[in-house]
Structure formats: structure tokens, C-alpha cells
Amino acid sequence: MNDPDTKLHNSAVTAMVFVALLLAWEVGVRISGVAPILLPAPSAVARELANAPGFFLRESAYTVVSTLAGFALALLIGVVLAIAIVGSRWLERLIWTVLVVLNSLPKVALAPLFVIWMGLGVAPKVAVAVLLALFSIVVDTVLGLRTVDPDVTALVRISRAGWLREMLLIRLPGALPALFAGMKVAISFALVGAIVGEFVGGSSGLGTVILIAQGQFDTTRVFAALVLLGIIGAALFHLLEIAERLLIPWHLSQRSR
Amino acid sequence: MIRVSVPCISIAGGEKLYPSSRGAIMALRGIDLDVADGEFVSLLGPSGCGKSTLLRCIAGLEQLSAGTASIHGQPILSPPDGIAMVFQRDALLDWRSIIGNVVIAAQLRGHRAALYRDRGMALLERFGLAGFADRYPWELSGGMRQRVAICRALLMEPTILLMDEPFGALDAMTRDDLNVELIRMWQASRRTVVFVTHSIAEAVFLSDRIAVLSRGPGRIEELMKVDLPRPRDLGVRETPAFAAHVAHLRAVFTRLGLMTT
């Protein structure tokens, strides 16, 4: 399963399926004569991208930056909160209550509030991204920090390691696989958050591009932005998978790769 | 009998109760056991007889409900100094290399790993694992993993080694190998060892004395001295004296209704 030939073969199959779908779309649009305002052909979308590469690159970069900033902040806050939850029963009750209430709110509906608070710059985008990404990181990290082999717990107690050494030597490294599971969910949420933030206010980013193009019924441009969002989402996810392979090669899910 | 020195481990009137929804369950009752310094004592009994519980009480992981447990006269209220434990499942950390899994014993006690690397390597070499120091636990067989767990336990040079069915999950041949390696290690260092097992042959081969436990509640039915010469090797198992010890223990278990003839 993991020899290079099969890997190459798998990538080739994926590429072929992708090309076939694009071809079917192109042919379908040309034969049916559907109006470009409803469904532009892939070739038209590609032309749109090629005509203004600098513009699309700039807007993409803006969205990627707010996504990554939101993700990084959510990761930092999420891990700290998870450690606090695992470390103290009192903090656990406090933090869980706040998190659950926060998570039951449709966070998208909070975006306008952030615009009022933080203005039209990058800050509200980052804030929405943090809010959307945080929950899955906290939940998965708490699970990871709590899952310790009882024999290892006995080893820790016999060694009289104390809370800090147990956290650093046992719990945190042991929680990495769960943390990565949470991060993979969170990165997509962070991207959603960044776009939602752009929808409610501001003048940059792919979300804004979509909003403006929608107002002008420039469907081709909407599609161009969507394609870029798809590429960004897939690339961010893939980067996390690479990091996972490098950082936890020991984990069961990574061994056969 | 006049006692000339304080025993290494001493349990007197040991009793352990576990609360449950249908009243308390008595896991251990009337346990009296002294283990001398440098002695190898096995706790032998069927599963559920409380032998692991007794070991955990000596380790300070649990407290007796009644009676006293002490090490060199000091009551055991929390995990005492100078003990190490080997578990049935090796409890190795997947993310650490083999040498990393050995030196963690030092790191958990707040020492720097680098200072203990040489000692860890020497231990691995003694157990035939020198070439595996930079591998990971999942790349090793069950017997090799358990050897690593023993190296980890020995790193801080404990005076008391507690072993909770350490070879119970291994196949018979690997188990024989590890028995021999353990006895060699013990003969070279003469640490105090308390060894939990349900294998009669293993207990006779390794021990100076064997405490036979029965269940419901767990109590010591018999304390048997093993009169076999040391140093021992696997050949001792072919001798009539060895067979006599095994036969006697079988008879004890049969009398207790724990074994059919």
C-alpha cells in the first residue's frame, strides 16, 4: 500500500478523475448553451484568473493571512484552555460552561458585533476565525490529554513526577494525535470564519471579491474566487497532514505511510 | 524468633476493602508478610486473588484499609523512595525512542536525560538491545519491549523492584528467556524483588520464597521457601527438587479448590 508505485498510481487516478470532471463541465456548458451568468465554463474561469493574477493573488493572500492568524490564535488559546480544563475541576466547570454557551450561538451571527467592536480591518476576520476554530481544538485536546494508560499513570506516581513534568513528558506529547485531529477540523472552520468576516464588512479578501462580483452579476469572477478558496482550503489541510507525518511518525495512523 | 534487623518490606494484618454498590468487597484479608533486603519473593495465585492489589499497596499507589505496610520501618503512605515497577503491559511511550523510554525514568524524577543516557545504553546492552536504542516501541517484539520496560525500571537503581506479572503476556519461549535474564540481573545486583505471577514454574524458578494467595478474599495460604541452589539456570527445571516444589504448590492449589488434578 505504501510503495512509491502505488502512490504515483493513486495520484494519477485522482488527477484523471479531476480532469474528466472539468471536461464534462466544459462540454456540458458548450452543448447546452447555458448562460455564463448562471454557469460559466471552466475555460472562462481560467481566463478570468489569468487576466488579473496580481489582483487574485493579493486578495487570496489577505484571506490566507486572516485564516492562519485565526487558526494560530485558536490553537494557542485552545491548548491553554484544554490544559486548564484537565488541570482543575473548578476551571473545567467554568470554561466548559462558557465554551458550550459560546458554541451553541450561531457564531456567524456574532460577526457584525465584531465589526462594530474592531472596525473593518483584519481584526474582526481573525476574531470570527478564532471563534469557529476554537471549539474543535479544545474538545480534541482535552480528550487527548485525558487519555493516559493507567500503567503510565502509575509510573508517573511512583516517580513522583508532579503535575508539570507529567504534563510536559506524558500528557502533551501523548495528546498530539488528538490535537492534530482537532486542527484538521479547525483549519477548515478558520477559513469559513475569515470569509464570513469579510462578508460582513471590509474591502479585501476573497469573500469581498465574491460579494462585489455578486452585486455585478459577474458569475465568472465568483467562480474564480471559489476555485481559489477550494485550492487554499485543500492546501492548508494538506500542509497539516505533512506536519502530522513529520511530528508524530510514531502514531498508528501514520505508520503505514 | 528474634529479629536482628528491620525487614525491607513488612505488611502486618493487611486488609483491603473496596466499596461497591452492594456493600464493601474484601480484596485482601489478614496479610502478614515480611520481605528481607535482597530477597526475591513471588506472590503466586489465580487471577482475582488480590496479588496485584497487594503489590500496588507496597508501591504506595493504594492504601491498605486496615493493618500496616512499611518499608524499612517507614509506613507507606505514598510511593516511597527507591522503588520501581514493571507492568504486565510494558507501558512504553509510543512517541519516544527506545533509549528515550529508558531515560524517562530519570526525567520524570526531574533529572536531565543527557546525564542518564550512558547508563541507559549500558542497560540496553546488558539486555541485548544496544542496536535498537534509536528504534521505536512499535518496531520491537513483545519480549524486547518488556526488556526495555525492565531497563527503564532499573535506570534509577531502585532498591526494591516490583513486578506485576511482567511476562504474563509473552509466549512460553520468550518468557523462559526473560526469566533467565531477570535471574542473571538479580544475581548480579541482589535487589529486593516482589514478583507477581500465576505461573507455578516461574515462581519456583525465580524465587527465594513464594507466598501462595487464594481468592475471595485474598489471603496468604502458605509461605514456601524455595530450596534450590543458586545461581540457577533453566537446567534446574529438570531436577527432581524443582519437580517436588512444583508438585507441592499444585497440591496446595488443589486443596484450595483453585486447581483440578
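Before reading on, note that the structure itself is shown above.
Residues numbered from 1 in each chain as written. Chains lettered and ligands numbered in written order. Predicted model: local features only at pLDDT ≥ 70, side-chain atom pairs only at ≥ 80, totals over all residues. Heavy atoms only, no water.

## Section: the overall build of chain B
From N to C terminus, chain B includes seven helices and 10 strands. Taking 18 Å as the expected radius of gyration for a compact globule of 261 residues, we find that chain B reaches 19 Å, a close match to that expectation. Along the first, second and third principal axes, the C-alpha atoms of chain B reach 50 × 45 × 45 Å. Here chain B, with 261 residues, has 55% of them falling under the buried criterion. For chain B, restricting intrachain contacts to residue pairs at least 6 apart in sequence, the fraction spanning at least 24 positions comes to 69%. Surface accessibility of chain B: about 11400 Å² in total, with carbon and sulfur atoms responsible for 52%. Between the averaged position of the 30 positive side-chain charges in chain B and that of its 27 negative side-chain charges there is a distance of 3 Å. (Helix = DSSP H or I, 4+ residues; strand = E, 2+ residues; numbered from the N terminus. Rg over C-alpha atoms; globule rule 2.2 N^0.38 Å. Buried < 20%, exposed > 50% of the residue type's maximum accessible area, 1.4 Å probe, protein only. Contact = heavy atoms within 4.5 Å. Areas by Shrake-Rupley, 256 points an atom, 1.4 Å probe, with all protein chains shown as cover. Lys, Arg positive; Asp, Glu negative; His and termini not counted. Charge placed at Lys NZ, Arg CZ, Asp CG, Glu CD.)

## Re unusual backbone geometry
All names here are of chain B. Note that the residue after Arg-230, namely Pro-231, is joined by a cis bond; omega there is -5°. With respect to the helices, strands and loops of the structure, Pro-231 is situated in the loop between strand E10 (219-225) and helix H7 (240-255). The phi angle at Ala-91 is positive, at roughly 55°, despite the residue not being glycine. Within the secondary structure, Ala-91 sits in the loop between strand E6 (83-86) and helix H2 (98-108). Assessed through its relative accessible area of 3%, Ala-91 is described here as buried.

## Overview of the interface of chain B and chain A
Taken residue by residue, the interface counts 24 residues in chain B and 19 residues in chain A. Together, the buried faces of chain B and chain A total about 2200 Å²; carbon and sulfur atoms form 64% of this surface. When the buried area of chain B at its contact with chain A is split by residue, B:Trp95, B:Leu108 and B:Trp138 rank highest and sum to 33% of it. In this assembly, chain B and chain A are joined by three salt bridges. For A:Arg160, the salt bridge identified is with B:Asp81, shortest N-O distance 2.2 Å. Seen at the junction of chain B and chain A, the total is six residue pairs in polar contact (both at pLDDT 80 or more). Where the side of chain B that touches chain A is concerned, the elements lending two or more residues are E6 and H2 of chain B. Here the side of chain B that touches chain A takes three residues from H2(B), the largest share from any one element. (Buried area = accessible area lost by both parts, 1.4 Å probe. Salt bridge = Lys/Arg side-chain N within 4 Å of Asp/Glu carboxyl O. Polar contact = N/O pair within 3.5 Å; in protein donor to acceptor, adjacent residues only side chain to side chain.)

## Quick word on the packing of helix H2 (residues 42-51) of chain A against helix H10 (residues 219-247) of chain A
The relative placement of two packed helices comes down to the angle between their axes together with the axis-to-axis distance. Residues and elements named next belong to chain A. Between H2 and H10, whose axes approach to 9 Å, the crossing angle comes to 80°. By the angle between their axes, H2 is roughly perpendicular relative to H10. On the side of H2, the interface is formed by Ala-44, Val-45, Glu-48 and Leu-49, while H10 contributes Thr-220, Arg-221, Phe-223, Ala-224, Val-227 and Leu-228. (Axes fitted to C-alpha atoms, helices over the stretch in contact; angles between N-to-C directions. Parallel < 35°, antiparallel > 145°, perpendicular 65-115°, else oblique.)

## Considerations on the side chain of B:Ser207
All names here are of chain B. With respect to the helices and strands, Ser-207 occurs in the loop between helix H6 (200-206) and strand E9 (209-214). Look at Ser-207 and you get buried, because its relative accessible area is 0%. Only 2.5 Å separates the side chain of Ser-207 from the backbone oxygen of Ala-203, close enough to count as a polar contact. Apart from residues lying up to four places away in sequence, Ser-207 is in contact with Phe-40, Ser-42, Val-226, Arg-230 and Arg-232.

## Some details on the nonpolar core
Judged by nonpolar contacts, the single largest core of 89 residues is most densely connected at B:Ile9 and B:Leu162. The element best represented in this core is helix H8 (residues 162-200) of chain A, accounting for 12 residues. Residues contacting B:Leu162, with those up to four places away along its chain left out, are B:Leu55, B:Ile58, B:Ala59, B:Ile83, B:Ala84, B:Met85, B:Val86 and B:Val194. Core analysis: the next-biggest nonpolar cluster, separate from the first, contains 54 residues, B:Ile99, B:Met185, B:Val193 and B:Ile200 among them. (Core = buried A, V, L, I, M, F, W, Y, C linked by side-chain atoms within 4.5 Å.)

## Thoughts on the sheet that holds E10(B)
Residue and element names in this part refer to chain B. Strands sit in the order E6-E7-E8-E3-E9-E10 across an open sheet of six strands; the sheet is mixed. Edge positions in the sheet fall to E6 and E10, since each of these pairs with one other strand and no more. If you compare each strand with its neighbour and ignore which way they point, the axes differ by 15° on average. Bridge analysis of strand E3 (residues 40-44) against strand E8 (residues 192-197) gives five bridges, and the strand direction is parallel. Counted as the bridge partner of Val-41 is Val-194 from E8. (Pairing = 2+ DSSP bridges.)

## Description of a nonpolar patch on the surface
On the surface, a nonpolar cluster with roughly 400 Å² of combined accessible area is contributed by A:Val19, A:Leu23, A:Val27 and A:Ile31. Looking at the secondary structure, you find A:Leu23 in helix H1 (residues 4-32). (Patch = residues over 30% accessible without salt bridge, like charges linked within 9 Å, V, L, I, M, F, W, Y side chains within 5 Å.)

## A word on the environment of B:Ala122
All names here are of chain B. Mapped onto the secondary structure, Ala-122 falls in helix H3 (residues 113-126). Of the residues examined, Ala-122 reaches a relative accessible area of 43% and is grouped as partly exposed. With 58 residues separating them along the chain, Ala-122 and Leu-64 place their C-alpha atoms 38 Å apart.

## Focus: the environment of B:Tyr136
Residue and element names in this part refer to chain B. On the secondary structure map, Tyr-136 appears in the loop between H3 and helix H4 (142-154). Residue Tyr-136 is classed as partly exposed on the basis of its relative accessible area of 29%. For Tyr-136 and Val-212, which are 76 residues apart along the polypeptide, the C-alpha to C-alpha distance reads 38 Å.

## What to know about the side chain of B:Arg209
Residues and elements named next belong to chain B. Tracing the chain through its elements places Arg-209 in strand E9. Taking the relative accessible area as the measure of exposure, Arg-209 reaches 18% and is therefore buried. A distance of 2.5 Å separates a polar side-chain atom of Arg-209 from the backbone oxygen of Asp-34. Those residues in contact with Arg-209 that lie beyond four places of it in its chain are Asp-34, Val-35, Glu-39, Phe-40, Val-41, Ser-42, Leu-223, Met-224, Lys-225 and Val-226.

## Observations regarding the pairing of E9(B)
Residues and elements named next belong to chain B. Of all six residues making up E9, six are buried, and the element is well covered by its neighbours. Side chains of E9 alternate between two faces, with Arg-209, Ala-211 and Leu-213 and Ile-210, Val-212 and Ser-214 buried alike. Two strands pair when backbone bridges link them, and E3 and E9 are joined in this way by four bridges, in the parallel orientation. Each residue of the ladder has a partner; that of Leu-44, found in E9, is Val-212. In terms of strand pairing, E9 meets E10 through six bridges, oriented antiparallel. Of the residues in E10, the one forming a bridge with Leu-213 is Ile-220. The turn joining E9 and E10, which pair antiparallel and follow one another in sequence, is formed by four residues; a positive phi near 70° is taken by Gly-216.

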